[in-house]
Amino acid sequence: MGKNVAIFLPSLRGGGAERVMVNLARGLAELGLQVDLVLARAEGPLLAEVPKEVRVVDLGAKRVLYSLPGLVRYLRRERPSAMLSALDHANVVALWAKKLAGVPTRVVLSVHNPPSLDTANAQTFRAKLMPLWGQIFYPWAHTVVAVSQGVAKDLVQLTGLPMDKVKVIYNPAVTPELLAKAEEALDHPWFQPGEPPVILGAGRLTAQKDFPTLIRAFALVQRKLPSRLMILSEGEERPRLEALVQELGLEADVALPGFVDNPYKYMKHAGVFVLSSRYEGFGLVLVEAMACGTPVVATDCPSGPSEILQRGRWGMLVPVGDIQEMAMAILEVFQGNKIDAHQRSLAFSIDRIVRQYAEILCNET
C-alpha cells in the first residue's frame, strides 16, 4: 500500500486497548503500510511485543497531555496520511495536535469502553469532563471507531455524534502469535496432570473488573469441588483482593502472579475462564480464552460479552455481581457443560479486523 500511518497511545503498560493497538500495528505493517507507534512515554511490558517492522517513537512525556508539543512536531515532520489513537485523553490530544500542526493527516479515534460508564466510575475531575470533551472535540475526527455495538450506542447518546461518523469494528483478538503461544509448555505445579482444575481470570486489577465477585464465587465453588483460582495482571486493587483472599482463608488456592509474558498458555490449560467485569467495551480476554479452546463464563455486562457470546450461544452469561450465579455457572462447566467456542473466536481474527481499519485509514474519501 505504501502509505505511512501512526498509532498514538499513552504507553504500552499492558491493558487490553494497548494489546489491540500492538496487534493492529503488526497487521497494518504486514499489509505493506509504514507504521509508527507513537507513545507519550515508551514504557510497559508490551514494548517487547512490538514487531521490528514497526517504528516506536518515544515522545518522552510524563503525562499524555504533556506529549502535545512532541506530537505536533512529529506530525509536521513525518506528515502521516492517517493517525489512529486510543484511550480518551490520547484521543483528545491527537485531535488538538492535528489542528495545531496544520497537516492533512486524517485522525481516527478508537473508543474501548462505554463512555457513560467510564465517566460514572471516574476518579478524577479531568476524567469526569470526558463527555464534554467528546461533545466538543470528537466531531473533529474523520471517523470514531467503537469496539462494539454497545459502545457505539453509548457514545452517540453521550456525545451527540452522528451515527455516520461512528463505525463499529471489533477488536483483533486472534493472531497467529496467540495461537502459537498457547501451545508453549506451561511449567506451573497447578497445571500438572491430576491437579484440581484452575479457574482463570485476567485483566487489570481495577474496580471495573470486579474480581472480588470472582473470588467470592470461587469460595462457593470450592465447597462443592476442589479447585484453584488464578488471576493474571496487575493494578491498584491488589491490596484489597489480597485482603479478601486472606479473609476467606483461601491463600493456598488463590494466586495473583501479576503480569505474565504469555497469558495464553495459562488460558489453554485452565478449566474455565471467567470474565467478572462490571462493564466492558469489548472483552478482549474473553475472545482470547475462546481462541485457546477454553470454556468461558462472563457477566452479561455492557457492552461486549453478550455480543461476543451471541447472547449465551458460545458461553455462559451471568448477572453482574451475582456471586451465586457465577459459582453455579463455573460448576456447570466443571460438571461437563463445556462449549467449544474456538470457531466463534475466528470472527475476531486479526486478518479480518485489520483490513477494516486499513480501509478507514487509507481510503481517500
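Remember, predicted model here, so these are calculated numbers, not experimental data. (Residues numbered from 1 in each chain as written. Predicted model: local features only at pLDDT ≥ 70, side-chain atom pairs only at ≥ 80, totals over all residues. Heavy atoms only, no water.)

J.: When you look at the overall build of the chain in this model, what are you seeing that I'm missing?
T.: Each helix and strand in the chain was counted, giving 16 helices and 13 strands. Computed over its C-alpha atoms, the radius of gyration of the chain comes to 20 Å, within 12% of the 21 Å expected for a compact globule of 365 residues. For the chain, the spread of C-alpha atoms along the three principal axes comes to 65 × 40 × 35 Å. A buried classification covers 58% of the 365 residues belonging to the chain. (Helix = DSSP H or I, 4+ residues; strand = E, 2+ residues; numbered from the N terminus. Rg over C-alpha atoms; globule rule 2.2 N^0.38 Å. Buried < 20%, exposed > 50% of the residue type's maximum accessible area, 1.4 Å probe, protein only.)

J.: Please explain the pattern of salt bridges as it appears in this structure.
T.: Opposite charge on two side chains permits them to pair, given that their charged atoms come into close proximity. According to the stated counting rule, one finds 17 salt bridges in the structure shown. One salt bridge connects Arg26 with Glu177, and the closest N-O pair in it is separated by 3.8 Å. You can see Arg26 sitting in helix 1 (residues 16-30) and its partner Glu177 sitting in helix 8 (residues 176-182), a full 151 residues away along the chain. Of the charged contacts, one joins Arg55 and Glu78 as a salt bridge, the two residues approaching to 3.5 Å between their closest N and O atoms. Remark: Glu78 occurs in helix 2 (residues 68-78) and Arg55 occurs in strand 3 (residues 55-58); sequence separation between them is 23 residues. On the basis of relative accessibility, which here comes to 39%, the residue Arg55 falls in the partly exposed class. The partly exposed category is assigned to Glu78, whose relative accessible area is 27%. (Salt bridge = Lys/Arg side-chain N within 4 Å of Asp/Glu carboxyl O.)

J.: What is the right way to look at helix 2 in this model?
T.: Structural remark: α-helix, 3.6 residues per turn; residues separated by three or four positions point the same way. Residues of helix 2 that are buried: Leu68, Gly70, Leu71, Val72, Tyr74 and Leu75. Looking at the buried side of helix 2, the elements it contacts are strand 1 (4-9), strand 2 (34-39), strand 3, strand 4 (82-86) and helix 3 (88-101). Just downstream of helix 2, Arg79 is the residue with a positive phi angle, here 45 degrees. (Contact = heavy atoms within 4.5 Å.)

J.: What am I meant to see in the packing of aromatic side chains here?
T.: Two measures describe an aromatic ring pair: the distance that separates the ring centres and the angle between the ring planes. As enumerated under the stated definition, the model contains seven aromatic pairs in all. With 5.1 Å between their ring centres and 75 degrees between their planes, Phe137 and Trp140 make a pair best called edge-to-face. By relative accessible area, which is 14% here, Phe137 ends up buried. Geometrically, the ring pair formed by Tyr170 and Phe348 is edge-to-face, given 5.4 Å between the ring centres and 80 degrees between the ring planes. Of this pair, Tyr170 sits in the loop between strand 7 (166-168) and helix 8 while Phe348 sits in the loop between helix 15 (342-345) and helix 16 (350-362), and the two are 178 residues apart along the sequence. Pairwise contacts between aromatic rings join Trp96, Trp133, Phe137 and Trp140 into one cluster. Just above the ring of Trp140 sits the side chain of Lys99; from NZ or CZ to the centre is 4.8 Å. (Phe/Tyr/Trp six-rings, centres within 6.5 Å; stacked < 30°, edge-to-face > 60°. Lys NZ or Arg CZ within 6 Å of the ring centre and 35° of its normal.)

J.: When you look at the packing of helix 9 (residues 211-224) against helix 14 (residues 323-334) in this model, what are you seeing that I'm missing?
T.: Two quantities define a packed helix pair, namely the angle between the helix axes and the distance between the axes. Between helix 9 and helix 14, the least distance of the axes is 8 Å, while the angle of their chain directions is 50 degrees. Our classification of the angle between helix 9 and helix 14 gives oblique. Crossing of helix 9 against helix 14: the hand is right-handed. Between helix 9, through Thr213, Leu214, Arg216, Ala217, Leu220, Val221 and Lys224, and helix 14, the contact on the second element is made entirely by Ile323, Gln324, Met326, Ala327, Ile330, Leu331 and Phe334. In terms of residue class, the contact of helix 9 with helix 14 is made up of 10 nonpolar, two polar and two charged. (Axes fitted to C-alpha atoms, helices over the stretch in contact; angles between N-to-C directions. Parallel < 35°, antiparallel > 145°, perpendicular 65-115°, else oblique. Left-handed = near helix turned anticlockwise from the far one by under 90°. Nonpolar A, V, L, I, M, F, W, Y, C, P; charged D, E, K, R; others polar.)

J.: Quick question: what am I supposed to make of the pairing of strand 4 here?
T.: The two faces of the sheet receive side chains in turn, since in a regular strand these alternate between them. Among the five residues in strand 4, five count as buried, and that is most of the element. The two faces of strand 4 match: Ala82, Leu84 and Ala86 on one face and Met83 and Ser85 on the other face are all buried. Of the strand pairs in this sheet, strand 1 and strand 4 are connected by four bridges, and their pairing is parallel. The residue bridging Ile7 from the neighbouring strand is Leu84, located in strand 4. Where strand 4 meets strand 5 (residues 106-111), five bridges bridge the pair, whose relative direction is parallel. Residue Ala82 lies in a different strand from strand 5, and its bridge partner there is Arg106. (Pairing = 2+ DSSP bridges.)

J.: Mind showing me how you'd approach the packing of helix 3 against helix 6 (residues 130-137) here?
T.: At a closest axis distance of 11 Å, the pairing of helix 3 and helix 6 adopts a crossing angle of 30 degrees. As the angle between them shows, helix 3 and helix 6 are arranged roughly parallel. Between helix 3 and helix 6 lies a crossing of left-handed hand. The residues of helix 6 that touch helix 3, namely those facing Asp88, His89, Val92, Leu95 and Trp96, are Met130, Trp133 and Phe137. Residue composition of the contact of helix 3 with helix 6, by class: six nonpolar, one polar and one charged.

J.: Explain the environment of Leu24 to me, please; I cannot follow it from the model alone.
T.: Mapping Leu24 onto the fold places it in helix 1. Residue Leu24 is classed as buried on the basis of its relative accessible area of 0%.

J.: What is the right way to look at the sheet that holds strand 4 in this model?
T.: Strand-to-strand pairing in sheets goes through backbone hydrogen bonds, with the strands running parallel or antiparallel. Spatially, the seven strands line up as an open sheet ordered 3-2-1-4-5-6-7, and their pairing is parallel. Bordering the open sheet on either side are strand 3 and strand 7, each of which pairs with just one other strand. Put simply, the sheet's adjacent strands are angled 25 degrees from each other on average, direction ignored. Two elements, strand 6 (residues 143-146) and strand 7, share three bridges in a ladder whose sense is parallel. Looking at strand 7, one finds that Val145 is bridged to Lys167. Running at roughly 170 degrees to strand 1, helix 1 makes contact with strand 1, strand 2, strand 4 and strand 5 of the sheet.

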